[in-house]
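The residues making up each chain are set out below.
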Amino acid sequence: MCVLAKAGAWSLNAAARAVIPCLWRGKYFSSGKDPVENNPVTPMLRHLTYKIKSTGPITVAEYMKEVLTNPATGYYVYRDMLGEKGDFITSPEISQIFGELLGIWFVSEWMANGKSAAFQLVELGPGRGTLAEDILRVFSQLGSVLKNCEISIHLVEVSQKLSEIQALTLTEEKVPLQRSAASPVYMKGVTKSGIPISWYRDLQDVPKGYSFYLAHEFFDVLPIHKFQKTPQGWREVLIDIDPQGSDKLRFVLAPCATPAQAFIQHDETRDHVEVCPDAGVIIQELSQRIALTGGAALIADYGHDGTKTDTFRGFCGHKLHDVLIAPGTADLTADVDFSYLRRMVQGRVASLGPITQQMFLKNMGIDVRLKVLLDKSAEPSLRQQLLQGYDILMNPKKMGERFNFFALLPHQRLCGRSQRINAHQSKPSPSPVAGFSELAWQ
């Protein structure tokens, strides 16, 4: 028996808790059977067990949302999880070249689209602000090109801790920040180069207008629903309290169909699927904005083109971490399904990619930029740092083939061609887009 709530969410009541033990074991995590001493009772675990006792097993999506963004004890809300002292490190923290090349990409698209008199740069999940800082440095270096363009920066960030770090990284100390906790624009300031900058908690609150959108390692932390194919059809993977220990969690299968099952393709051939409705909502919002007011979106994340199955995993101290152990102390993430993002565009705009990070950065001229920096660097330690950063970004066994780039562009940007173009088509676009075809350096 499956009880559907009016709001579209659902729970299993006490009489319907006959869930099916989940015999499938994830590739990246266990089912919570670690010894008690390795499974500390965190405030988040206590909160989740109360919740499950009250309403029944919860979806993986609800679990991720609570663990990562709960206002009281969410992983992202009050901590700095980036860098060597954190739980993971991102491309901008590894090498300045990464952000510089993305800055060049936005300037290239601005020029290709007719050099509008103004544009917004909107970054979703800006981390510590390192990527935006590198991009702004490029904008300053290309000041003669952008001198007649009015630029503003808009950051979408839910983490109080990270927004404070971003402000320290990006803003001019002499200009006090304006704060308004109850407002959609909860913080405003001016960057070190004199550009207006604003912070928001939701993309919906960012003003509509000609914009370039950037989402680097943003979609991978959005909540996913997991499904397992069974003889009775698709069944959603849920999280329940382990009957062998009240302070342990386990995976189970729903006894009947659940609402999120509607997101599974009818011709799906995999036996295990992850779907992310929130990603679809955001992609549709970006597509509508770009179709209406112009601009482009650049998405960089680790993911696949509809081929992988189980990618849900945790990271703590730069190591893989059991997703059910000590919730609230580790990052939770899942690979982005770019084929799903492409479907959610629904023809409103053109999409390019996904292509590997190695190919995108090579097309953007990373080798040329590395040579320039090496020629200017006399200090051996700095040269070694540049070479190590390049290797991490480009090596297929590191980030080179794990990360992918995906772009959304107005149809008219691609010479009015109505057919969607992606990186797998052999026929090149008559209107090349930097990164997705080789950039001509002059």
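In case you missed it, the structure is sitting above this.
Residues numbered from 1 in each chain as written. Predicted model: local features only at pLDDT ≥ 70, side-chain atom pairs only at ≥ 80, totals over all residues. Heavy atoms only, no water.

**A look at the pattern of salt bridges**
Applying the stated criterion across every chain yields a total of 21 salt bridges. Put simply, Glu164 and Arg179 hold a salt bridge, and the shortest N to O gap is 2.8 Å. Of this pair, Glu164 sits in helix 7 (residues 160-170) while Arg179 sits in strand 7 (residues 178-179), and the two are 15 residues apart along the sequence. Between Lys226 and Glu274 there is a salt bridge whose closest N-O contact spans 2.7 Å. Within this pair, whereas Lys226 is found in strand 11 (residues 225-230), its partner Glu274 is found in strand 14 (residues 272-275), the two being separated by 48 residues in sequence. By relative accessible area, which is 9% here, Glu274 ends up buried. Residues joined in a network through salt bridges with shared partners are Glu100, Asp134, Arg137 and Arg369. (Salt bridge = Lys/Arg side-chain N within 4 Å of Asp/Glu carboxyl O. Helix = DSSP H or I, 4+ residues; strand = E, 2+ residues; numbered from the N terminus. Buried < 20%, exposed > 50% of the residue type's maximum accessible area, 1.4 Å probe, protein only.)

**As for the packing of helix 11 (residues 366-376) against helix 12 (residues 380-394)**
Where helix 11 contacts helix 12, the two axes come as close as 10 Å, and the packing angle between them is 165°. Comparing their axes, helix 12 and helix 11 come out roughly antiparallel. Regarding helix 11 and helix 12, the two cross each other, and that crossing is right-handed. Along its contact with helix 11, which presents Ile366, Asp367, Leu370, Leu373, Leu374 and Asp375, the element helix 12 presents Arg383, Leu386, Leu387, Tyr390, Leu393 and Met394. Class assignment of the residues belonging to the contact of helix 11 with helix 12 gives a composition of nine nonpolar, no polar and three charged. (Axes fitted to C-alpha atoms, helices over the stretch in contact; angles between N-to-C directions. Parallel < 35°, antiparallel > 145°, perpendicular 65-115°, else oblique. Left-handed = near helix turned anticlockwise from the far one by under 90°. Contact = heavy atoms within 4.5 Å. Nonpolar A, V, L, I, M, F, W, Y, C, P; charged D, E, K, R; others polar.)

**Some words on the sheet that holds strand 18 (residues 331-333)**
Strand order in the open sheet formed by three strands is 17-16-18, with antiparallel pairing between adjacent strands. Here the strands that pair on one side only, and so sit at the sheet edges, are strand 17 (319-321) and strand 18. Between one strand axis and the next, the sheet turns by 40° as a mean value, whatever way the strands run. Relative to strand 17, strand 16 (residues 313-316) is paired through three bridges, and the arrangement is antiparallel. Residue Phe315 lies in a different strand from strand 17, and its bridge partner there is Leu320. (Pairing = 2+ DSSP bridges.)

**Things to note about the nonpolar core**
The biggest cluster of nonpolar side chains holds 57 residues, and the ones touching the most others in it are Trp105, Phe119, Phe139, Leu298, Phe360 and Phe436. Of all the elements, helix 4 (residues 96-112) adds the most residues to this core, at eight residues. Excluding residues within four positions of it along the chain, Leu298 makes contact with Leu102, Trp105, Phe106, Tyr213, Leu214, Ala215, Phe360, Phe405, Phe406, Ala407 and Phe436. In this structure, Ile224, Ile241, Ile282 and Val336 belong to the second largest nonpolar core, which totals 53 residues. (Core = buried A, V, L, I, M, F, W, Y, C linked by side-chain atoms within 4.5 Å.)

**So, unusual backbone geometry**
Most peptide bonds adopt trans geometry, and most residues besides glycine take a negative phi value. That bond from Gly353 to Pro354 is cis: its omega, 10°, falls within 30 degrees of zero. Position of Pro354 relative to the elements: it lies in strand 20 (residues 350-356). Even without being glycine, Glu217 reaches a positive phi, approximately 50°. For Glu217, the position within the fold is in the loop between strand 10 (211-216) and strand 11. Its identity is not glycine, yet Gln346 carries a phi of approximately 55°, on the positive side. Relative to the elements of secondary structure, Gln346 occurs in the loop between helix 9 (338-345) and strand 20. Classification of Gln346 as partly exposed rests on a relative accessible area of 47%.

**Digging into helix 4**
If you check helix 4, its first and last C-alpha atoms are 25 Å apart, about what 17 residues at 1.5 Å a residue would give, namely 24 Å. The buried fraction of helix 4 is high, at 12 of 17 residues. For helix 4, the set of buried residues is Ile97, Phe98, Gly99, Glu100, Leu101, Leu102, Gly103, Trp105, Phe106, Val107, Glu109 and Trp110. The N-terminus of helix 4 is capped by Ser95, whose side-chain oxygen sits 3.2 Å from the backbone nitrogen of Ile97. (Expected span 1.5 Å × (residues − 1). Polar contact = N/O pair within 3.5 Å; in protein donor to acceptor, adjacent residues only side chain to side chain.)

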